[in-house]
Amino acid sequence: PRAREVLAALAPGLALDRAAFPAMTWRASEVAGIPAQLWRVSFSGELSYEINVPAECGLELWQRLAAAGADYGITPYGTEAMHVLRAEKGYPMIGQETDGSVTPQDLGHGHPLARTDDFIGRRSLLRSDLVRADRRQLVGLLPDRPETVLPQGAPLVAEPGRRPPAMIGHVTSSYFGARIGRGFALALVEGGRARHGEPVFAALDGRMVAARIAAPVFYDPEGRRRDG
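Keep in mind that this is a model prediction, so the values were computed, not measured. (Residues numbered from 1 in each chain as written. Predicted model: local features only at pLDDT ≥ 70, side-chain atom pairs only at ≥ 80, totals over all residues. Heavy atoms only, no water.)

Asks: When you look at the overall build of the protein chain in this model, what are you seeing that I'm missing?
Replies: Regarding its fold elements, the protein chain presents five helices and nine strands. When the helices and strands of the protein chain are read in sequence order from the N terminus, they spell out α-β-β-β-α-α-α-β-β-β-β-β-β-α. In terms of principal-axis extent, the alpha carbons of the protein chain reach across some 65 × 45 × 30 Å. Taken across its 228 residues, the protein chain has 39% of its residues classed as buried. Within the protein chain, the 26 negative side-chain charges are centred at a point lying 5 Å from the centre of the 27 positive side-chain charges. (Helix = DSSP H or I, 4+ residues; strand = E, 2+ residues; numbered from the N terminus. Buried < 20%, exposed > 50% of the residue type's maximum accessible area, 1.4 Å probe, protein only. Lys, Arg positive; Asp, Glu negative; His and termini not counted. Charge placed at Lys NZ, Arg CZ, Asp CG, Glu CD.)

So this is what it looks like as structure tokens:
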């Protein structure tokens, strides 16, 4: 979250304020004297930059960033932490929240798709089966007991006493979130966006665990942290 201050020390010629370098844009500049391309993207939900340099300069840049960030408490973090951060922010992991049947609309990301211009795949996305309101859609899950972490892949049912149970979706990602202070999950649920607030039940150790369907963004839904 202090990325702008760290980067300013190594790229003094680059305007880093929000207006000059907004989210989802890129700039070419030198960072620590190394030619670089910088992308204002975030997979953590915090203010962040992706810095691309020639491979042979990678170690030098890493060391310079670590030194510049020492006063700000900079630290490396691994892929498991990255997965928790992105899930708190509701960012889907391709191959985890998706398979070959999931569309951008199912993930709630249909808005960038052109409405009138043609593009490869447009015809398929408009087929009747892919625009059904009851398709499995990305949602968030909040277990009734905040300390509970649902198992990834767990089937979800709306009526736990029904025999045979009718599966309405499954858990795609599940973690304990340090920033939000509780267990949470992402899931694909039939007609999920219309079911926010409804109860759902997941199989856990031979028992049914209650959770509540929610929006999939648990952390900073307005994007203030990401945008800085």
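Asks: When you look at the sheet that holds strand β2 (residues 34-39) in this model, what are you seeing that I'm missing?
Replies: What holds strands together in a sheet is hydrogen bonding between their backbones, with the strands either parallel or antiparallel. Spatially, the three strands line up as an open sheet ordered β1-β2-β3, and their pairing is antiparallel. Unpaired on one side and paired on the other, β1 (26-31) and β3 (50-52) mark the two borders of the sheet. Neighbouring strand axes in the sheet, compared pairwise and without regard to direction, differ in orientation by 35° on average. With six bridges connecting them, β1 and β2 associate as antiparallel partners. Counted as the bridge partner of Val31 is Ile34 from β2. (Pairing = 2+ DSSP bridges. Axes fitted to C-alpha atoms, helices over the stretch in contact; angles between N-to-C directions.)

Asks: Help me understand the pattern of salt bridges in this model?
Replies: Side-chain pairs of opposite charge can arise where the charged atoms are in close proximity. Applying the stated criterion to the full structure yields 16 salt bridges. Note that Arg2 is salt-bridged to Glu5, the shortest N-O span being 2.5 Å. Each of Asp106, Asp129, Arg132, Asp134 and Arg135 takes part in a single network of salt bridges with overlapping partners. (Salt bridge = Lys/Arg side-chain N within 4 Å of Asp/Glu carboxyl O.)

Asks: Would you take a moment to explain the packing of aromatic side chains for this structure?
Replies: By the definition in use, this model includes five aromatic pairs. Counting every residue linked through ring pairs, the aromatic cluster contains Tyr175, Phe184 and Phe218. The ring of Tyr219 has Arg179 lying over it, and the distance from NZ or CZ to the ring centre is 3.7 Å. (Phe/Tyr/Trp six-rings, centres within 6.5 Å; stacked < 30°, edge-to-face > 60°. Lys NZ or Arg CZ within 6 Å of the ring centre and 35° of its normal.)

Asks: Would you mind showing me how to read the pairing of strand β9 (residues 207-214) here?
Replies: Across a regular strand the side chains alternate sides, sitting on one face of the sheet and then on the other. One ladder, built from four bridges, connects strand β4 (residues 136-143) with β9; its direction is antiparallel. By the bridge assignment, Leu141 is partnered in β9 with Ile213. Of the pairings in the sheet, the one linking strand β8 (residues 199-204) to β9 comprises six bridges and is antiparallel in character. Note that in β9 the partner of Pro199 across the bridge is Arg212. Between β8 and β9, which pair antiparallel one after the other, the connecting turn spans two residues, and Asp205 there sits at a positive phi close to 55°.

Asks: Teacher, can you tell me more about the environment of His109 here?
Replies: Here His109 is to be found in the loop between α3 (79-88) and α4 (122-125). Under the relative-accessibility criterion, His109 is labelled partly exposed at 35%. Residues in contact with His109, not counting those within four places in the same chain, are Pro92 and Pro104. (Contact = heavy atoms within 4.5 Å.)

Asks: I would appreciate a short explanation of the sheet that holds β8 in the present structure.
Replies: Taken in spatial order, the six strands of this closed barrel run β4-β7-β6-β5-β8-β9, and their pairing is antiparallel. The average angle at which neighbouring strand axes cross in this sheet is 45°, direction not considered. Examined bridge by bridge, strand β5 (residues 155-157) and β8 share two bridges and lie antiparallel to one another. Of the residues in β8, the one forming a bridge with Val157 is Phe201.

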